[in-house]
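Examining the three-dimensional arrangement
Each chain is listed here by its residues.
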Amino acid sequence: MTNTASAEISLSALRHNLSIARQSAPNSQCMAVIKADAYGHGILNVASTLEQADAFAVARLEEASALRQAGITKRIVILEGVQTSEELDDVCAHKLDIVIHHDTQLKVLLDTALNEPVSVWIKLDTGMHRLGFQTEQFSDVVQSLQSCHWVKQPLHVMTHFACADDINDAYTEQQITTFKQATNDFSLPTSMANSAATLSKQESHADWIRPGIMLYGSCPFINGNANDLQLKPVMTLRSKLIAINNFQMGDHIGYGATYTCDKDKPVGVVAIGYGDGYPRHATTGTPVWVNGKRCALLGRVSMDMISVDLSPCPEVKVGEDVELWGENISVDEVARYAGTIAYELLCGVTQRVTKIYKD
Ligand SMILES: *Cc1c(COP(=O)(O)O)cnc(C)c1O
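Note that this is a predicted model, so its numbers are computed, not measured.

Moving on to the overall build of the chain. Along the chain, the regular secondary structure elements total eleven helices and 19 strands. The principal-axis extents of the C-alpha atoms in the chain amount to approximately 75 × 45 × 35 Å. The buried share among the 359 residues of the chain stands at 51%. Across the chain, every contact between residues at least 6 apart in sequence was considered, and the portion connecting residues at least 24 apart equals 62%. Of the side-chain charges in the chain, 29 are positive and 41 negative, and the distance between the mean point of each set is 5 Å.

Moving on, we get to unusual backbone geometry. A cis amide bond, omega 0°, links Q153 with the succeeding residue P154. As for its placement among the helices and strands, P154 is situated in the loop between α7 (138–146) and β8 (156–158). Phi at A36 is positive, roughly 50°, even though this residue is not glycine. With respect to the secondary-structure elements, A36 resides in helix α2 (residues 35–40). The phi torsion at A206 lies on the positive side, around 50°, for a residue other than glycine. If you trace the backbone, A206 turns up in the loop between α9 (195–200) and β10 (208–209).

I34, L109 and Y278 are the most contacted members of the largest nonpolar core, which totals 113 residues. The element best represented in this core is helix α1 (residues 11–24), accounting for six residues. A domain-level breakdown of this core finds at least three residues from each of domain 1 (11–218) and domain 2 (235–358). Dropping the residues within four chain positions of it, I34 is found in contact with I43, V46, A47, L50, F56, A57, V58, L67 and Y216. Residues I253, Y259, C261 and V267 belong to the second largest nonpolar core, which totals five residues.

Simply put, the disulfide is a covalent bond whose two ends are the sulfur atoms of two cysteines. For the coordinates displayed, the defined rule picks out zero disulfides. In this model C92 remains outside any disulfide bridge; the closest cysteine sulfur is found in C148, 11 Å from its own. With no disulfide of its own, C313 lies closest to C295 among cysteine sulfurs, the gap being 3.5 Å. In this structure C313 comes out as buried when scored by relative accessible area, which is 0%.

The next point concerns the site of the ligand. The environment of the ligand is formed by 13 residues, the closest being K35, Y39, S195, I213 and Y343. Between an oxygen atom of the ligand and a side-chain N or O atom of K35, the distance comes to 2.6 Å. Between the ligand and Y343 there is a distance of 2.6 Å, counted from an oxygen atom to a side-chain nitrogen or oxygen. Considering the ligand on its own, with 390 Å² of exposed area, one finds that the protein chains cover 92% of that surface. A breakdown of the residues in the shell around the ligand according to their chemical character gives six nonpolar, four polar and three charged.

Each value, and the rule that gives it
Residue positions are given per chain, counting from 1 as you read along its sequence in written order. Restriction of local features to residues with pLDDT of at least 70 applies here, the model being predicted, together with a cutoff of 80 or more for giving and counting side-chain atom pairs; totals for whole chains, interfaces and linings are based on all residues. As a rule here, side-chain values cover all heavy atoms of the structure and leave hydrogens and water aside. Secondary structure elements are taken from DSSP: a helix is a run of H or I of four residues or more, a strand is a run of E of two residues or more, and numbering for both begins at the N terminus. Burial classes follow relative accessibility: with a 1.4 Å probe on protein chains only, a residue under 20% of its type's maximum area counts as buried, one over 50% as exposed, and anything between as partly exposed. Here, residues are in contact when the closest pair of their heavy atoms is within 4.5 Å. Just so you know, the count uses Lys and Arg for positive and Asp and Glu for negative, and it drops His and the chain ends. To locate a charge, the coordinates of NZ of Lys, CZ of Arg, CG of Asp or CD of Glu are taken. By convention a nonpolar core is built from buried Ala, Val, Leu, Ile, Met, Phe, Trp, Tyr and Cys residues, the set being connected through side-chain atoms within 4.5 Å. For the purposes of this description, domain bounds are those given by an automatic or database domain assignment. The disulfide criterion used throughout: a pair of cysteine sulfur atoms within 2.5 Å. A molecule or strand has a residue near it when one of that residue's heavy atoms lies within 4 Å. Whenever two N or O atoms come within 3.5 Å, that pair is a polar contact, provided that in protein one can donate a hydrogen and the other can accept it, and provided that, for residues adjacent in sequence, both atoms are side-chain atoms. Surface accessibility in these figures is a Shrake-Rupley result with a 1.4 Å probe; residues are shielded only by whichever protein chains are displayed. Ten residues, namely Ala, Val, Leu, Ile, Met, Phe, Trp, Tyr, Cys and Pro, are considered nonpolar, four, namely Asp, Glu, Lys and Arg, are considered charged, and the remaining ones, Gly among them, are considered polar.

Put into structure tokens, the structure is as follows:
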């Protein structure tokens, strides 16, 4: 049996995109961000492929433990850190790095004697106002961590940008300045840049960059284009045409009868829907690649199916492969049609879609 919906993952494109990140910041070490199942691409396959990364970053302990259990020995940073002593024991046993962003975490760490020193990344809030110590707290935090026997030295310091996806937003420069002012006197290794800053803000590169989305071939800038940045799409989402019907001008298509045919046309039904992670909010006109042509989504996305205007390719037959995003249709473009970002589409591909890894 061949699977109807599949996500082909190009491991060579993944390696290529990592090399673009490295070239953009040649003097920095590179922490490849592989949280959320490597943005939906399969964390174990992605981790085994990205040998050239200096470290991996995940959001949570369970993601890091799964990597260790699968035999991944590379340095792994847990971006949200941990909350309890039991979790700290696991961190220690698995030789993981933790982020400390809050007093509660600091207290637990100072109160939990560990057998082996743990590597710590202090997170500073420089304007994102999500996680992180305020810069005024920084020197106290450094002091308590430097005098803790089970904390490995040197400490690392990091921050995260709120608006780096908009190259023209001065907020990023403000955050860089705030961060540098707070950390300058300490000569500790530092990290600021996500993908967008890696590609656009040299002064943010510091000792470690933390690229995520660009590794998967999506453009980190609003309204940007991955091709222009030499990034290659990693995931190609495909399914098949399971019906073709001819409808007449005035006929309505799909739930809610929201689309009305403006002329007679062949309408294909593709076996992909929000049950596969195709976004339900994709609007009429969202591009779908059929037999070398861009066709338009018509009407509402169903759980298992979408309808597509086949006027550009009247020759196609039932059974034909269709690309929803990937090599020919950028996931960023589909995301724009759906009023969201590529991150969400990539992370949202469901279990029903078979992943196929190539090269
Ligand atoms: C997710 C994440 C990144 C990567 O961001 P991208 O926009 O995907 O490059 C970097 N740093 C932190 C703290 C993150 O949570």
